[in-house]
Amino acid sequence: MSSALGPFQNYDATKARRDIIAGLTVAAISLPQAMAYALIAGVDPKYGVYSAIVVTTIASIFGSSSHLINGPTSAISLLVFSSLAFLDPENRTGLFEALFLLGVLVGAIQILIAVFKLGDLTRYISESVVIGFMASAALLLAIGQLANAIGVRDKGDGHMQVLQRAWLTLFHGDAVNYRALFLSVSAVVLAVLLRRVVQRYGLPQIDMLLVLIVTAVIAYVYGWSVPDGTGHTDVKISGKIPASLPEFHIPDVQVSTLGELSHGALAIAFIGLIEALSIAKAIAHHTGQQIDYNRQILAEGLANLTGGFFQSLPGSGSLSRSAINYQSGAATRFSGIISAATVTIALLLFAPLLRFIPQAALAGLLLVTAVRLVDFRRLAYAVKASRYDAGLVIITALVGVAVNLDTAVLVGVVLSILLFVPRAAKLKAAELVVTDEGVIRERTSQDRPTGAGAPVIYDLEGELFFGAAPELDRYLDALQVRIRDDNLKVVILRLKRVRHPDVVCIERLEHFIREQQQLGVTVLLAGVRPDSLALLENVGFADWLPAEQVFPEEDKEFSATLRAVRYAQTRLEETPSGPVANQEKLYYLV
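Residues numbered from 1 in each chain as written. Predicted model: local features only at pLDDT ≥ 70, side-chain atom pairs only at ≥ 80, totals over all residues. Heavy atoms only, no water.

**Quick word on the overall build of the protein**
Okay, so step 1: In terms of regular secondary structure, the protein is built from 21 helices and nine strands.
Okay, so step 2: Compactness check: the protein gives a C-alpha radius of gyration of 32 Å against a globular reference of 25 Å for 590 residues, more than 25% above the reference.
Okay, so step 3: Overall size of the protein, expressed as C-alpha extent along the three principal axes, is 110 × 60 × 50 Å.
Okay, so step 4: Expressed as a percentage of its 590 residues, the buried residues of the protein come to 52%.
Okay, so step 5: Total accessible area on the protein is roughly 27,300 Å²; 61% of this is exposed by carbon and sulfur atoms.
Okay, so step 6: With 48 positive and 51 negative side-chain charges, the protein shows a spacing of 7 Å between the two charge centroids. (Helix = DSSP H or I, 4+ residues; strand = E, 2+ residues; numbered from the N terminus. Rg over C-alpha atoms; globule rule 2.2 N^0.38 Å. Buried < 20%, exposed > 50% of the residue type's maximum accessible area, 1.4 Å probe, protein only. Areas by Shrake-Rupley, 256 points an atom, 1.4 Å probe, with all protein chains shown as cover. Lys, Arg positive; Asp, Glu negative; His and termini not counted. Charge placed at Lys NZ, Arg CZ, Asp CG, Glu CD.)

Here it is as structure tokens:
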């Protein structure tokens, strides 16, 4: 616990003032965002507010980043909606129980990742996959809010494809509610204008809160959000949010849904970690803070696990709220606790008023959020970069829209690995020569063939793992033919630029060297890196390969290669093969 509270040591009034100001500013956007993101997830807005309290607090207490603000986010909420889509939306109790269980599963997965220190696995999710995911998430977010924006009910069910449901809603559904449409358009216009004003004059970023207040007042003044005698309102409102704190609740586990939920939980856990760590890393780049990423992963897991037991929407690091927290001058993680406490107070004092917020206004804000969710510059950059990146972006985005977001993430990860392995398996080989002047360099077409009186040097470069085995076999077979045809006596294999050797490729090398030994050919290994040397020792090379034929890589640049060449020349001088280059003036040139 002392490490968790480390940043709060030497805490003074100046830091407290900065944290309070930042926390209050963040709270102003947290409340409307929490309600809106719950709407994205297809659940009661109160669960989004609870997440802005519970998830934010726990992550702030145990996290590492001084500025990262956790809680509900648009991307995670879309994944939640996708993960719960197989359930009957009319069975609200079952839906909410599944939501809480989903949070517990997400937290448990993230905690396991932290305990086993597997956080580096997030590196293997390509940036192109994340960009494609965000593009499809933004499109789905916009499509999902069209019904609320025009004041009609969604058609179809969660088993239908999202575009099919949107088609039914827009062209085979209810008539447009022009009051709702007016409110959603007003929310969009106000959000864009107020954001420009805030940015231009450096004002507190409470533009989203102001949009909801203005639209709620308009709807109330005209009587659109006031229930009539039957409880009906002209525009759909957010619904009653109780003025009470989240209560401890053990989710009801339905074995029949556990498999589907686990699939979604895995995608949410990884995307949540990528989202949180990326934001923390970006802000730390400006502040110079050293972040313990494994501890941050643990904090994410604890926050979601606790949230699942306190009726909260799963969350992650929020880009908008974290940026505001940093820009507002937050000094420590205490600003996140202040933000959560402020949301708690607002919930207790103003909960009855929150019900008058029109869903059309929230939908308008979310349409703006959808556009802001896509970094169009990065999207264009990734698509233009290479066919590999463009393919990942497009396939991930298409799967996200055509199937669902959690499947898109998993497909993107699998494709990243499948496409990466052939690229990583590229093993290169180049022949080096020793010139009459004593220069060791790559062979050119003008160089005369190397005869038996000089060593043949083959430089290998690349990943020496199982995927490169076919390439290695091809190079060794060609070298074997060369040894036979030219009657070579000494061969140097330079291994300085090979990485991550595994048993498959090392076994291929062993077979090659043993065959050459039987034929009277000396094979030297030059520039052997520590990891390769350890592997050779582990599999027993020292039992049959003389130590003098292995030249480990040393601190002095190229020394291993030069020593191997000198040794080879000494061996050749012992045979009547003719003169060789002067050993004293050897040097290496690339």
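**Details of the environment of V456**
Okay, so step 1: Checked against the element boundaries, V456 lands in strand β5 (residues 456–463).
Okay, so step 2: Once the C-alpha coordinates of V456 and I297 are considered, the two residues, 159 residues apart in sequence, prove to be 51 Å apart.

**Digging into the domain arrangement of the protein**
Okay, so step 1: Partitioning the protein into domains gives domain 1 (13–420) and domain 2 (426–589).
Okay, so step 2: In this structure, domain 1 and domain 2 have C-alpha centres spaced 57 Å apart. (Domains from an automatic or database assignment.)

**Quick look at the confidence of the model for the protein**
Okay, so step 1: This prediction gives the protein a mean pLDDT of 86; 93% of its residues lie at or above 70.
Okay, so step 2: When the criterion is pLDDT under 50, residues 577–583 qualifies, and its contacts beyond four places in sequence or with other chains add up to 14 contacts. (pLDDT = per-residue confidence, 0-100. Contact = heavy atoms within 4.5 Å.)

**Focus: the pattern of salt bridges**
Okay, so step 1: Enumeration over the complete set of coordinates arrives at 15 salt bridges.
Okay, so step 2: Linking R443 and E431 is a salt bridge whose minimum nitrogen-to-oxygen distance equals 3.2 Å. Of this pair, R443 sits in the loop between β4 (439–442) and β5 while E431 is found in strand β3 (residues 428–434), placing the two residues 12 residues apart along the sequence.
Okay, so step 3: Note that R508 is salt-bridged to D473, the shortest N-O span being 2.9 Å. One end of the pair, R508, is in helix α19 (residues 503–518); the other, D473, is in helix α18 (residues 469–486), and 35 residues separate them in sequence.
Okay, so step 4: Connected via shared salt-bridge partners are E431, R443, R482 and D486. (Salt bridge = Lys/Arg side-chain N within 4 Å of Asp/Glu carboxyl O.)

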